[in-house]
Amino acid sequence: MLVVGAGITGIYQLHRALEAGFTAALWEAGEGVGGTWYWNRYPGARFDSESYTYAYLFSRELFEEWQWSELFAGQPEIERYLNHVVDRFDLRRHIRLGARVGSAVYDEASGTWSVTAADGATTTARFLVAATGVLSVPYFPDVPGRDGYGGESYHTGLWPSSPVDFRNKRVAVIGTGSSGVQIIPVIADEVTSLTVYQRTPNWCTPLNNAPITPEEQARLRTDFESIKQTLDSSMAGFLHQPCDRASTEDPPEARQRFFEKMWNSPGFAKLISHYTDVMLDEEANAEWCSFISAKVRAVVQDPCTAEKLIPKDHRFAEKRPPFVAGYYETYDKPNVALVDLHETPILRMTETGIETAEGERQFDIVVWATGFDFGTGALLRMGVVGRSGLTLAQYWADGPKTFLGVQTAGFPNLFFPGGPHAAAGNNPRYNGDQVDFVTDTLVHARDHGYDTIEVDPAAERRWTAMIDRGAAKSTFGEISYYFGTNIPGKPKKYLLNSGGRPKLFSTIAEVVDSDYEPFRLGRAASPSRSA
Ligand code: NA7
């Protein structure tokens, strides 16, 4: 088996493959392991899922020996953790760094994949597992003159490993999604001036981070089994529990008190533990949005800036809501300015800065916090060629078609856990479910003497139709990058699993009960080419 990508999914896949007795290697484009948590090393990058709910749960010993310092750990600690896991489970000797896969071609006679990295290295694998992630291809908008800008330029998702010195620099940040709102408050005090180029404001609410005390750590150790059970069965892979009532069941004053409680709750509790109607009912959502708007107006002293920071074009959770620490407060600092790109769009980059309709501002550093080609970006850049010369790019020209978000017809022995059509929520939990399924499926194939396994197109059609039907009812709107609409020319298709984790679980159970009926298992004509 060749695993591609040493992020949280790929590391786990490698571990499971070796444990199951496969000969396995992992190729990773970066010079270190960690995936998202390797590339996104910008100041302020951190979890917004609770650290111990994002971490691996496959080993009780690992869970007990690793002490997270904070409820929402920062990038350096996360990267340390993932390196620890790699060493702890003796995985490093199977990992090849600096190996960006540029081509993966299926050979029908042998039922194997020939894989080539950008540095020319080649290998052959019977099973190819692309754990290439959903947020791994940074997106740079096509701004005229971008290449001619002569200052320092960084994308949050491609942050350099040597620290960027922001001291005494005039800095621009373009983009105010989860990454932008994390870096902005952290660098504001270091820089001479910070100019934020905002196209769309988001509904930002407090992360409410806190240290994890030794007492809490002791409790976590004791509660491992119940934590694991809750996370393994939860809809979205969090410990937060759903609320027992709708907003209409509380009088107005009680609603305000509840909103205040939500405001002070950690991270995603504001989605999962909120009133049951807040994500679904327009009026309930609008009342919560008014509450947030009042908070923004109370913090941001300049009323004009405050209004610009309040979303007007989408409701709460229509886009992935960011969580913040000191974000709105940043705009009260004298060295921080907000440029509203709806009022004054970027015309071009100059050699020394950014020109909008209001003129040019000069910068030493420009930070692109402009997001990613979500879901399909990495897979479509891997040069994947399946049966009969069909490329994945051709087959997915109108959007991804998958079964369970792990396989696509015409590409035998290729799996992509944690890719498009994965569930929505705390990523490692359902990516881990998919890795477990892929591993069990390959063990089944191997132990029954099969060389090839490929999903039946009918099963793929059913799964993809289910995703598309459910997308219409999703909380996320079509303006969300979950529909691919942030990338010009990309097909507008839902890229998550709109059936959620329960649908993933129930379908996996059906697959196993039916003895893998949705898959075609076969024997290769000349299987010996397998490495
Ligand atoms: P996001 O959430 O996709 O945010 C990208 C930001 O970049 C967003 O504010 C965009 O504005 C902005 N953007 C994109 N293109 C442009 C152009 N052409 N001009 C100006 N601004 C632009 O990416 P993040 O990295 O912040 O977060 C990604 C995920 O990582 C996050 O959801 C978490 O899961 C972790 P727009 O809203 O499109 O108007």
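Given the structure is predicted, the values throughout are model-derived calculations rather than measurements.

Calculation criteria
- Residues numbered from 1 in each chain as written.
- Predicted model: local features only at pLDDT ≥ 70, side-chain atom pairs only at ≥ 80, totals over all residues.
- Heavy atoms only, no water.
- Near = heavy atom within 4 Å.
- Polar contact = N/O pair within 3.5 Å; in protein donor to acceptor, adjacent residues only side chain to side chain.
- Areas by Shrake-Rupley, 256 points an atom, 1.4 Å probe, with all protein chains shown as cover.
- Nonpolar A, V, L, I, M, F, W, Y, C, P; charged D, E, K, R; others polar.
- Pairing = 2+ DSSP bridges.
- Helix = DSSP H or I, 4+ residues; strand = E, 2+ residues; numbered from the N terminus.
- Salt bridge = Lys/Arg side-chain N within 4 Å of Asp/Glu carboxyl O.
- Buried < 20%, exposed > 50% of the residue type's maximum accessible area, 1.4 Å probe, protein only.

Caption draft 1: Representation of the site of the ligand within the structure. Near the ligand, the surroundings consist of 19 residues, among which Ser179, Arg199, Thr200, Lys319 and Tyr481 are the closest. Within the contact set of the ligand, an oxygen atom lies 3.2 Å away from a side-chain nitrogen or oxygen of Arg320. Its free accessible area being 780 Å², the ligand has 84% of it covered by the protein chains. In terms of residue class, the shell around the ligand is made up of 8 nonpolar, 8 polar and 3 charged.

Caption draft 2: The sheet that holds strand β18 (residues 384-385), seen in detail. Read from one edge to the other, the open sheet built from 4 strands follows the order β6-β5-β4-β18, with strand pairing classed as mixed. Each edge of the open sheet carries a strand with a single partner, namely β6 (122-125) and β18. In this structure, strand β4 (residues 101-107) lies alongside strand β5 (residues 112-117), joined through 6 bridges in antiparallel fashion. The partner of Ala104 across the bridge, within β5, is Val115.

Caption draft 3: A look at the pattern of salt bridges. Evaluation of the coordinates by the stated rule reveals 36 salt bridges. Ionic pairing is found between Asp48 and Arg320, a salt bridge with its closest N-O pair at 2.7 Å. Placement of the pair is Asp48 in the loop between α2 (36-39) and α3 (51-54) and Arg320 in the loop between α12 (303-309) and β12 (323-324), with a sequence separation of 272 residues. Considered together, Asp48 and Arg320 belong to a single accessibility category, that of buried residues. As a salt-bridge pair, Arg60 and Glu225 come within 3.8 Å of each other at their nearest N and O atoms. One end of the pair, Arg60, is in helix α4 (residues 60-65); the other, Glu225, is in helix α8 (residues 224-233), and 165 residues separate them in sequence. Residue classification places Arg60 among the partly exposed residues on the basis of a relative accessible area of 29%.

Caption draft 4: Here's a closer look at unusual backbone geometry. Positioned with a positive phi, Ser388 is a non-glycine residue whose angle comes to about 55 degrees. Structurally, the position occupied by Ser388 is in the loop between β18 and α14 (392-395). On the accessibility criterion, Ser388 (67% relative accessible area) is exposed.

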